[in-house]
Structures are given as structure tokens and as C-alpha cells.
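# Chain and residue survey
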Amino acid sequence: MKLIKLDAIDSTNEFLKGLSNKQELENFTVVTAENQTEGKGQMGAFWASETSKNLIMSLLVKDFLVDICQIFNLNIAVSLAVIEVLESFRIPDLSIKWPNDIMSYNKKIGGILIENSIKSDGTIVSIVGLGLNVNQTNFENLPKASSLAVICEAKFDKDELLFSICDAIEENVKLCKHNSAVLWPDYTNKLFKKGIPMPFSSPNHQNFMGIIQGVSAVGKLEILLEDDSTAEFDIKEIQMLY
């Protein structure tokens with residue numbers, strides 16, 4: 001694994017994307033930064049992080065996806081790898097808030113952003129970005145956020161987490177490559193609030209009740225509605241109220 005450590009950067013995803021466009025990088029090359037000024041979440045949301053307190057990383061994954069319809073397989077491999085590592089560090093009550101937020105109890109402790117690009121030869125190259133709240137303790141104006149340090153009342157070694165997570169992602173990617181369905185049941189079982197009646201809101205602010213059932217083959221959230229029908233929702237088509 002090639003590791004590139006930076007003090008500060010606008011975005012580790014953008015840095016790694018630019019680097020991979022300029023030169024041939026080995027698979028699972030990693031970029032980390034102590035400070036990220038323009039960190040991104042899903043659909044352009046901003047990801048803020050205190051300098052040197054958290055794990056900010058981007059990982060190059062290639063030679064994995066061969067079909068654009070299989071893109072969600074990488075989401076599953078990555079999010080489960082993070083969960084697996086955090087469980088080994090005894091972080092309690094972990095779950096995945098669809099599609100890629102890492103939760104402990106009802107608090108968000110991490111977010112994953114995967115950006116895919118199709119090259120001229122048809123191959124798909126993915127940049128996996130992870131922001132994990134590790135030793136930050138101040139979450140003023142962020143009532144739904146927390147960190148490993150706050151939850152466990154202890155400090156954590158960021159490098160140890162980094163190497164463990166990278167190893168776990170590589171293992172899951174190789175596992176998925178041989179059997180793309182193998183990790184889906186684990187992902188479904190780890191879904192935040194799965195099987196529990198929850199209020200949701202649509203983009204036009206219509207509130208409704210539903211029960212998360214799982215995720216479709218293309219990564220849409222499957223929700224059982226009050227009329228016993230099942231509907232599928234894409235990112236930003238629905239918001240859980242919790």
C-alpha cells in the first residue's frame with residue numbers, strides 16, 4: 001500500500017483523483033491529510049473537521065467494478081470494512097445510515113464518499129473518501145455528530161485505524177470480486193433503524209411513516225409504507241427524521 005501524507009489540502013478525494021489522472025498509481029494508494037479545507041459529503045454537502053483530530057483519507061480502488069450497475073457493491077465493501085474495524089476497537093452500537101454514514105448509537109461518527117470515473121478504455125476507477133471523527137470532542141452546532149473519543153472516553157491512534165481500515169477494505173474488495181453478493185446480507189442487517197417504524201420527509205416536506213426493509217440492487221433504499229406497498233428512494237429523495 002502506497003501512503004501519501006499531507007499536512008493540509010482542499011480535498012483528499014480531489015488530490016487523489018488529480019494524481020491518478022496524471023500518473024499510473026498502484027491499486028489501494030492512500031492519501032491522508034491533517035487538515036482538509038473543502039471536504040465533501042454526499043451530494044456536495046460540506047464535511048468539517050478539526051485539524052489533526054480526525055482521520056481524513058482517500059483510497060484508490062481499480063480493477064474491481066466492471067459494470068456501472070454494480071457500483072453499490074463498493075459502497076457495501078467499504079462501509080462494512082469500517083464497521084468491522086471499529087468493532088475490533090470496541091466502538092459500541094454501530095450501524096450504517098443509508099447509504100454511507102457510520103453511526104454509533106444515534107450519532108454520526110463517520111461518512112464515506114465514493115466517486116467513480118469511467119476511463120476511455122471502459123474501466124472504472126473509484127476514489128473512496130472517508131472522514132472519521134476520532135479525537136475531536138467539540139461538536140458545537142452539530143447535535144447529531146460525535147466521535148470515538150466522546151463515545152468511548154478515550155483517545156485513539158489515527159494511524160492504527162488508518163492501516164486497519166485500508167487492510168479491511170482491500171480484503172472486502174477482493175472478497176466481493178469473487179462473489180459480489182457475499183456482503184449484502186451483512187450490510188442489510190447493519191442498516192440504521194432497519195425494521196423500526198420511523199418518520200421520513202420527502203423533498204417537498206411531506207412527512208410519512210415507513211419501515212426500512214433493505215437496499216435494492218442499484219443501491220436505492222427500500223421502505224415499507226403505511227399502505228403495505230414498498231417504495232424505493234434514491235439519495236436526497238428522502239430524509240429520515242430521528
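Report follows, based on the coordinates. Since this is a predicted model, take the numbers as computed values, not measurements.

## Here's the deal with the overall build of the chain
Looking only at helices and strands, one finds five helices and twelve strands in the chain. Rg of the C-alpha trace for the chain: 18 Å, near the compact-globule value of 18 Å for 242 residues, within the 12% margin. Referenced to the eigenvectors of the C-alpha coordinate spread, the extents of the chain come out at roughly 55 × 45 × 35 Å. Across the 242 residues of the chain, 50% fall into the buried class. Pairs at least 24 residues apart make up 61% of the contacts formed inside the chain by residues separated by at least 6 positions. Of the roughly 11,900 Å² of accessible surface on the chain, 49% is carried by carbon and sulfur atoms. Taken together, the 22 basic and 32 acidic charged side chains of the chain have centroids lying 3 Å from each other.

## So, the pattern of salt bridges
Applying the stated criterion across every chain, the model contains nine salt bridges. K17 is the partner of E115 in a salt bridge, and the nearest nitrogen-oxygen pair spans 3.3 Å. Taken together, the positions of E115 in strand 6 (residues 107–118) and K17 in helix 1 (residues 12–22) put the pair 98 residues apart, joining distant regions of the chain. Across the salt bridge formed by D101 and K108, the nearest N and O atoms sit 3.2 Å from each other.

## Topic: the sheet that holds strand 3 (residues 55–61)
Spatial strand order, 1-2-3-7-6-5-4: seven strands in an open sheet with mixed pairing. Both edges of this open sheet fall to strand 1 (3–9) and strand 4 (94–97), since each of them pairs with a single strand only. Recorded for the sheet is a direction-independent mean angle of 20° between the axes of neighbouring strands. The pairing of strand 1 with strand 2 (residues 30–36) spans six bridges and is parallel. Across the sheet, residue L6 finds its bridge partner in strand 2, namely A33. Its contacts with the sheet put helix 2 (residues 71–88) on strand 3, strand 4, strand 5 (101–104), strand 6 and strand 7 (124–132), and the angle it makes with strand 6 is roughly 145°.

## Some points on the pairing of strand 11 (residues 230–233)
Here strand 11 shows a clear split, with A231 and F233 buried on one side and none of T230 and E232 buried on the other. With four bridges joining them, strand 10 (residues 221–225) and strand 11 adopt antiparallel strand pairing. Note that in strand 11 the partner of I223 across the bridge is A231. Where strand 10 hands over to strand 11, the hairpin turn is made up of four residues, of which D228 adopts a positive phi near 70°.

What counts and how
Residues numbered from 1 in each chain as written. Predicted model: local features only at pLDDT ≥ 70, side-chain atom pairs only at ≥ 80, totals over all residues. Heavy atoms only, no water. Helix = DSSP H or I, 4+ residues; strand = E, 2+ residues; numbered from the N terminus. Rg over C-alpha atoms; globule rule 2.2 N^0.38 Å. Buried < 20%, exposed > 50% of the residue type's maximum accessible area, 1.4 Å probe, protein only. Contact = heavy atoms within 4.5 Å. Areas by Shrake-Rupley, 256 points an atom, 1.4 Å probe, with all protein chains shown as cover. Lys, Arg positive; Asp, Glu negative; His and termini not counted. Charge placed at Lys NZ, Arg CZ, Asp CG, Glu CD. Salt bridge = Lys/Arg side-chain N within 4 Å of Asp/Glu carboxyl O. Pairing = 2+ DSSP bridges. Axes fitted to C-alpha atoms, helices over the stretch in contact; angles between N-to-C directions.

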